[in-house]
Amino acid sequence: MTQDIDHWTRKASDWIAWARAPGHDAFWAYRDAFVALVGDGSGKALDIGCGEGRVSRLLGALGYDVTACDPVPEMVAAARGAGSAQAYHVASATDLPYPDGAFALTLLYNCLMDIKDAEAAMAEARRVTAPGGRVLVSIVHPIADLMTTWQDPGQSDSDYFRSQVFDVVDEDAGLRMHFYGWARPLSFYTEGLRSARMTINRIVEPRPSTHPAFSKQARWHRVPLFLWIDARPSR
């Protein structure tokens, strides 16, 4: 088991509680904007790194026939228990058990920064996406990553251009989550998509909802928390 999968296996129950607390995670403040980006659909969609299944459920609500996969069995079991998709697999993003061109929409939602071999994950996402299909990527914005590392006295030598491990514990409203992954510059992802033979169609720096329920996300109205990339397989 690789270091990244081992971490999320150990923290799976914490993540399920964190993600399912109503309105708790930042996801909910961006949900409507993400719905607008994805749009309604009726084809086959793959949610890579599905976690407990919230994004799979969203894709299903938009009309997609959803397959959900994650390398952590507890995550897949949670997604299945919530009726998140039409099919489920325990599978790594770097070794997907699907034929070439199987999906009209392939989603990598906030998982690439948690995968050590993110280049391989991008290549696999491209492989299983049909010609004319879409690969949607969501990552924590590299600027937000840099802000976090600058605030950590142990990472005073932070360098935007150098990929580096982030290891952060967040506690809020009685819940605790240990996040572990890699902070990488934007060019890492754009070059990874290019190397995987994908063309970037659109880049979005979303702002959170202004609804009072999401007031704790207020600072992200001035600095982007997430970066969304809409890419298409190229020849």
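First things first, this report covers the structure right here in the doc. As the structure is a prediction and not an experimental result, all values here were calculated from the model. Note that residues are indexed from 1 along each chain, following the sequence as it is written. Confidence filtering applies because this is a predicted model: local features only for residues at pLDDT of at least 70, side-chain atom pairs given and counted only at 80 or more, and all residues used for totals across whole chains, interfaces and linings. Values reported for side chains reflect all heavy atoms of the structure, with hydrogen atoms and water molecules removed beforehand.

**Topic: the packing of helix H6 (residues 118–127) against helix H8 (residues 186–195)**
To be explicit about the condition: Orientation is described by lines fitted to C-alpha atoms, with helices fitted over the stretch in contact, and by angles between N-to-C directions that extend from 0 to 180 degrees. Helix numbers and strand numbers start at the N terminus; a helix is a DSSP run of H or I with at least 4 residues, a strand a run of E with at least 2. Any angle from 65 to 115 degrees is called roughly perpendicular, while one under 35 is roughly parallel, one over 145 is roughly antiparallel, and all others are oblique. Two helices that cross are described as forming a left-handed crossing if the nearer one is turned anticlockwise from the farther one by less than a right angle, and a right-handed crossing if clockwise. By the convention used here, residues are in contact when the closest approach between their heavy atoms is within 4.5 Å.
One way to put it is that H6 packs onto H8 with a least axis distance of 9 Å and a crossing angle of 40 degrees. The pairing of H6 with H8 is recorded here as oblique in orientation. Crossing of H6 against H8: the hand is right-handed. The segment H6 lies against H8, with Ala118, Glu119 and Met122 engaging Phe188, Tyr189, Gly192 and Leu193.

**A word on unusual backbone geometry**
Within the chain, Asn110 stands out as a residue other than glycine whose phi angle is a positive 50 degrees. For Asn110, the position within the fold is in the loop between strand S4 (103–109) and H6. In this structure, Arg197 takes a positive phi of about 65 degrees despite not being glycine. By the element assignment, Arg197 lies in the loop between H8 and strand S8 (198–204).

**Structural notes on the sheet that holds strand S2 (residues 65–70)**
Under the convention used in this document: Any two strands are treated as partners once DSSP identifies two or more bridges connecting them.
Ordered by their spatial adjacency, seven strands build an open sheet running S3-S2-S1-S4-S5-S9-S8, and the pairing between neighbours is mixed. Either end of the sheet is taken by a strand with one partner, and the two such strands are strand S3 (87–90) and S8. Pairs of neighbouring strands in the sheet enclose a mean axial angle of 20 degrees, with direction left out of account. Pairing of S4 with strand S5 (residues 129–140) involves six bridges; the strand directions are parallel. Within S5, the position partnered with Thr106 by the bridge is Val135. Helix H5 (residues 73–81) contacts S2 and S3 of the sheet and is inclined by roughly 170 degrees relative to S3.

**Some remarks on the pairing of S3**
The pairing of S2 with S3 spans four bridges and is classified as parallel. Opposite Thr67, over in S3, you have Ala87 as the bridge partner.

**Concerning the side chain of Glu52**
Stated formally: Distance and chemistry together define a polar contact, namely a pair of N or O atoms within 3.5 Å, with one atom able to donate a hydrogen and the other to accept it when in protein, and with adjacent residues in sequence counting only for side-chain atoms on both sides.
As for its placement among the helices and strands, Glu52 is situated in the loop between strand S1 (44–48) and helix H4 (54–61). Side chain to side chain, Glu52 and Arg20 meet in a polar contact 2.6 Å long. Aside from chain neighbours lying at most four places away, what touches Glu52 is Trp15, Ile16, Ala19, Arg20, Arg57, Met75, Ala78, Ala79 and Ser84.

**Observations regarding the pattern of salt bridges**
The test is simple: For this analysis, a salt bridge means a side-chain nitrogen from Lys or Arg found within 4 Å of a carboxyl oxygen belonging to Asp or Glu. For the exposure calls, accessible area comes from a 1.4 Å probe over protein chains only, and a residue counts as buried if that area is under 20% of its type's maximum, exposed if over 50%, partly exposed in between.
For the structure on display, the rule yields 13 salt bridges. Across the pair Asp100 and Arg127 runs a salt bridge, and its minimum N-O distance is 2.8 Å. On the criterion of sequence distance, the pair formed by Asp100 in the loop between S3 and S4 and Arg127 in helix H6 is long-range, its members being 27 residues apart. For Arg127, a relative accessible area of 24% gives the class partly exposed. The salt bridge partner of Glu191 is Arg194, with a shortest N-O separation of 2.9 Å. Note that Glu191 and Arg194 are positioned in helix H8 at a spacing of three residues, about one turn of the helix.

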